[in-house]
Amino acid sequence: MKRSIVTQESMSVDTRQVAERIFVNRSLSLENIKFFGFDMDYTLAVYKSPAYEELQFSLTIDKLIEQGYPEELKGIKYDPTFPVRGLLFDKLYGNLLKVDAYGNILSCIHGYEFVYGEELRQYYPNKFVQFEKQPRFGILNTLFSLPEIYILATVVDLFDNKLTDFVKQKDGVRKGDVFISYKSIGQDVRMAMDSLHKSATGSLKPKTMEDPDKYIAKDPRIPKLLYRIKKAGRKTFLVTNSGYKYTKQVMTYLCDIPEGPEPGVPKVQWKDLFDLIVVDAKKPLFFEEGTALRQVDEKTGSLRIGHYTGKHEKGHVYSGGNSEVFSEILGAEGKDILYVGDHIFGDILKSKKQQGWRTYLVVPELVQELDVWTEKRDMFDRIKDLQTELSEKYKDLDSNTTDKIDITHIRKNIKEVVHEMEMCYGQLGSLFRSGSRQTFFASQSLRFADLYATSCVNLLYYPFSYLFRAPSQLMPHESTVEHEKTTKRYGPIENARRGVTYDGNEPPSKTPCVENHECDESEEEDEALTN
Ligand SMILES: [Mg+2]
């Protein structure tokens with residue numbers, strides 16, 4: 001079957017409501033998925049924003065004040081328009097950085113102030129950081145990172161600008177003999193947040209369950225989705241880092257729908273909607289060596305002693321383990337599993353890289369990202385127009401040109417439009433882009449998430465036999481050269497492909513691409529069907 005390569009813009013053939021669509025990075029046939037796995041926090045249990053972030057913010061501030069941080073923190077309110085996921089915290093200089101996939105800096109903020117130009121170059125001479133596997137940089141890429149980002153900015157701003165007896169230095173602040181490094185601020189904030197999340201002693205979970213209506217979105221489509229997966233003859237599982245007690249409370253709340261999962265179907269218990277349940281999974285460790293797999297005593301919530309090595313008994317709940325033991329118990333191979341989660345590293349990258357699971361990333365921010373994409377289309381057009389204007393400036397010029405072309409106003413205009421566009425998303429801009437450049441978060445999503453959507457319930461809007469097809473990913477040499485021009489012979493260099501001499505005439509019939517770059521994509525489709 002032959003199809004021409006089409007542009008990404010013309011690939012929009014899904015007629016579902018935009019917010020209900022699932023977007024595809026790599027083709028995947030639902031027909032071949034035998035096991036649908038789910039994370040709980042921010043995947044099945046969607047926490048309400050900004051109420052949940054405000055709760056974490058105020059509890060963490062209380063904790064920091066308890067540890068000796070200034071009382072002035074107390075009156076500060078959480079600002080939901082400030083943070084965006086995927087930032088780095090540079091512990092050396094106390095800056096928050098938005099970077100692209102390669103570490104090029106897209107934005108830098110110190111406290112609440114943006115850092116530009118010469119000041120930015122003093123911190124980072126090449127506007128670049130080597131951040132992966134570098135302890136100097138903390139990666140803030142989960143939804144739980146949103147309040148953490150705002151706390152870091154708030155504490156840095158307080159010491160730098162509000163507490164006048166502290167003097168700012170490059171790597172911290174000083175008051176007499178006392179030096180507080182930005183690194184120690186980063187560590188203190190991290191520890192305060194970690195203590196909040198602890199199953200046994202943390203205050204976040206009990207506070208959440210004191211008023212679940214305030215903090216958790218109760219969506220009847222959650223039990224409906226799990227019920228429908230099982231009705232379609234597939235298996236479901238839950239792998240969560242939360243402990244048994246909290247998981248039971250949250251899932252009972254989510255599945256407590258008086259009318260049942262479907263009309264005419266009686267109410268179901270949350271545990272009956274899963275074939276296998278693992279709590280305290282300790283992802284990402286779960287996808288590597290993991291921990292001991294133990295059975296949970298559901299009466300007391302405590303763990304039974306010893307490693308569990310028996311067969312899976314339906315209705316039992318397990319704690320810990322690792323993905324290999326888990327797959328064995330389930331009788332599943334990596335490609336049979338679609339795992340749905342919101343954590344790009346712990347849920348998506350690790351399950352894909354270590355176990356070859358198929359992956360579905362939940363990105364609640366997509367609702368707002370799509371709003372801006374559709375409502376502010378004129379800004380994207382203005383950037384395109386400015387890029388065309390730039391090309392026009394260099395039109396018909398070659399290496400013989402000696403005059404310097406003045407493009408100052410075009411560069412200034414591009415900067416202004418990009419900034420205006422960023423502000424439509426929030427103070428730190430889009431999760432996925434900065435103007436026409438993609439963020440580190442976007443590159444990780446593209447690489448490791450086969451599918452992504454605003455919510456896991458979007459699966460309800462597709463049949464379980466659906467083939468998700470990825471749009472063509474065009475390279476710059478394809479996206480900037482029109483099809484009709486590619487039949488023209490451009491010169492000797494492009495014809496020097498190893499072993500092939502293309503002279504502009506019809507290529508031999510056995511080459512994979514025939515007739516004006518129409519490519520046979522059936523191989524890709526076959527792959528999706530057999531994966
Ligand atoms: Mg989660």
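Since we're looking at a predicted model, the values are computed, not measured.

J.: Break down the coordination of the magnesium ion for me, citing the residues and quoting the values.
T.: At the metal site, the magnesium ion is ligated by Asp39 (OD), Asp41 (O) and Asp342 (OD), and these contacts range over 2.1 to 2.2 Å. Read in sequence order, the donor residues coordinating the magnesium ion give the pattern D-x1-D-x300-D. According to the relative accessible area criterion, Asp39 is buried, its value standing at 5%.

J.: Would you mind going over the side chain of Thr240 in detail, with residue names and values included?
T.: Within the secondary structure, Thr240 sits in the loop between β15 (235-239) and α8 (244-255). For Thr240, a relative accessible area of 0% translates into the label buried. Once residues within four sequence positions are removed from consideration, Thr240 is found in contact with Asp39, Met40, Asp41, Thr247, Val278, Val279, Asp280, Ala281 and Lys283.

J.: Describe the layout of surface pockets, naming the residues involved and giving the relevant values.
T.: By volume, the second largest pocket amounts to about 1700 Å³. Lining the second largest pocket are 47 residues, with Asn141, Thr142, Pro284, His343 and Phe345 positioned closest to its centre. Elements with a contribution of two residues or more to the lining of the second largest pocket: β10 (137-140), α3 (145-162), α4 (182-197), α10 (344-355) and α14 (440-448). With 7 residues, the single largest contributor to the lining of the second largest pocket is α10. Residue composition of the lining of the second largest pocket, grouped by class: 13 nonpolar, 16 polar and 18 charged.

J.: Account for helix α11 (residues 366-375), naming residues and giving values.
T.: All of the buried residues in α11 are Leu366, Glu369, Leu370 and Val372. The arc that holds every buried residue of α11, seen down its axis, measures 160°, which confines them to one face. Those residues of α11 that are buried lie in contact with β2 (23-24), α12 (377-393), α13 (408-425) and β23 (451-453).

J.: Before we move on, can you summarise the pairing of strand β16 (residues 276-279) with the specific residues and values?
T.: Residues Leu276 and Val278 point to one face of β16 and Ile277 and Val279 to the other, with burial holding for every one of them. Handedness of the β15-α8-β16 crossover: right-handed.

J.: If you had to explain the sheet that holds strand β9 (residues 113-114) to someone new, which residues and values would you point to?
T.: Here 5 strands make up an open sheet; going across it, the order is β9-β8-β7-β6-β10 and the pairing antiparallel. A single partner strand is all that each edge strand has here, and the edge strands are β9 and β10. Strand direction decides the pairing type here: strand β6 (residues 87-90) and β10, joined by 4 bridges, are antiparallel. Considered in β10, the bridge of Asp90 is made with Phe137.

J.: Quick one: what's the story with the confidence of the model for the chain, residue by residue and with numbers?
T.: Looking at the chain, the pLDDT average stands at 88 and 87% of residues meet or exceed 70. Long-range and interchain partners of residues 1-10, a stretch whose pLDDT sits below 50, account for 26 contacts in this model, where long-range means more than four residues apart.

J.: Break down α14 for me, citing the residues and quoting the values.
T.: Among the residues of α14, those classed as buried are Phe440, Phe441, Ala442, Gln444, Ser445 and Phe448. Contacts from the buried residues of α14 go to β7 (95-99), β10, α10, β20 (358-362) and β22 (437-438).

J.: Explain the pattern of salt bridges to me, using residue names and the numbers behind them.
T.: A side chain of one charge can pair with a side chain of the opposite charge if their charged atoms are brought near each other. Inspection of every chain in the model, using the stated rule, returns 25 salt bridges. Close ionic contact of Lys175 with Asp165 constitutes a salt bridge, the shortest N to O distance being 3.3 Å. Here Asp165 lies in the loop between α3 and β11 (167-169) and Lys175 lies in strand β12 (residues 172-175), a separation of 10 residues in the sequence. Judged by its relative accessible area of 38%, Lys175 is partly exposed. When its relative accessible area of 41% is taken as the criterion, Asp165 is described as partly exposed. For Arg382, the salt bridge is made with Glu420, and the minimal N-O distance between the two is 3.1 Å.

J.: For the pairing of strand β4 (residues 35-38), give the residues involved together with the corresponding values.
T.: Covered by surrounding structure in β4 are Phe35 and Gly37 together with Phe36 and Phe38, the residues of both alternating faces. Here 4 bridges tie β4 to β15, and the two strands are oriented parallel to one another. Bridging from a neighbouring strand, Phe35 pairs with Lys235 of β15. The pairing of β4 with strand β19 (residues 337-341) spans 4 bridges and is classified as parallel. Counted as the bridge partner of Phe36 is Leu338 from β19.

J.: Would you mind going over the packing of α3 against α4 in detail, with residue names and values included?
T.: For the pair α3 and α4, interaxial distance at closest approach is 10 Å and the crossing angle is 140°. In terms of axis orientation, α3 runs oblique to α4. Classified by chirality, the crossing of α4 by α3 is right-handed. Facing Pro147, Glu148, Ile151, Leu152, Val155, Val156, Phe159 and Asp160 of α3, the residues of α4 in contact are Tyr182, Ile185, Gly186, Val189, Arg190 and Met193.

J.: Kindly report on the environment of Glu324, identifying the contributing residues and their values.
T.: Secondary-structure assignment places Glu324 in helix α9 (residues 323-330). Residue class for Glu324 comes out exposed when judged on its relative accessible area of 56%. Expressed as a C-alpha distance, the spacing of Glu324 and Glu289, which sit 35 residues apart in the sequence, is 8.8 Å.

J.: Explain a positive patch on the surface residue by residue, including any values.
T.: A contiguous patch of positive charge, built from Arg121, Lys127, Lys404, Arg411 and Lys415, is present on the exposed surface. As for its position among the elements, Lys415 is in helix α13.

J.: Go over a negative patch on the surface, please, and point to the residues and values.
T.: Together, Asp385, Glu389, Glu392 and Asp396 line one region of the surface with negative charge. Here Glu389 shows up in helix α12. Given the relative accessible area of 32%, Glu389 is considered partly exposed.

J.: I'd like a description of the packing of aromatic side chains, backed by residues and values.
T.: This model, assessed by the stated rule, comprises 36 aromatic pairs. Taken together, a centroid distance of 4.0 Å and an interplanar angle of 10° make the contact between Tyr47 and Tyr52 stacked. The exposure class of Tyr52 is buried, given its relative accessible area of 2%. With a centroid separation of 5.6 Å and 40° between ring planes, the pair formed by Phe57 and Tyr150 is classed as tilted. Remark: Tyr150 occurs in helix α3 and Phe57 occurs in helix α1 (residues 51-66); sequence separation between them is 93 residues. With respect to burial, Phe57 and Tyr150 carry one shared label: buried. Over the ring of Tyr246 we find Lys205; its NZ or CZ atom is 5.2 Å from the centre of that ring. The cationic tip of Arg377 hangs over the ring face of Trp373; the distance from NZ or CZ to the ring centre is 5.7 Å.

Cut-offs and rules
Residues numbered from 1 in each chain as written. Predicted model: local features only at pLDDT ≥ 70, side-chain atom pairs only at ≥ 80, totals over all residues. Heavy atoms only, no water. Donors = N, O, S within 2.8 Å, 3.2 Å for Na, K, Ca; no water. Buried < 20%, exposed > 50% of the residue type's maximum accessible area, 1.4 Å probe, protein only. Helix = DSSP H or I, 4+ residues; strand = E, 2+ residues; numbered from the N terminus. Contact = heavy atoms within 4.5 Å. 1 Å grid on protein atoms, 1.4 Å probe; cavity = no way out; pocket = protein on both sides within 12 Å on 5 of 7 lines; lining within 4 Å. Points joined across faces, edges and corners; volume = space filled by probe spheres on them. Nonpolar A, V, L, I, M, F, W, Y, C, P; charged D, E, K, R; others polar. Arc of directions from axis to C-beta. Right-handed = clockwise from strand over helix to strand, strands pointing away. Pairing = 2+ DSSP bridges. pLDDT = per-residue confidence, 0-100. Salt bridge = Lys/Arg side-chain N within 4 Å of Asp/Glu carboxyl O. Axes fitted to C-alpha atoms, helices over the stretch in contact; angles between N-to-C directions. Parallel < 35°, antiparallel > 145°, perpendicular 65-115°, else oblique. Left-handed = near helix turned anticlockwise from the far one by under 90°. Patch = residues over 30% accessible without salt bridge, like charges linked within 9 Å, V, L, I, M, F, W, Y side chains within 5 Å. Areas by Shrake-Rupley, 256 points an atom, 1.4 Å probe, with all protein chains shown as cover. Lys, Arg positive; Asp, Glu negative; His and termini not counted. Charge placed at Lys NZ, Arg CZ, Asp CG, Glu CD. Phe/Tyr/Trp six-rings, centres within 6.5 Å; stacked < 30°, edge-to-face > 60°. Lys NZ or Arg CZ within 6 Å of the ring centre and 35° of its normal.

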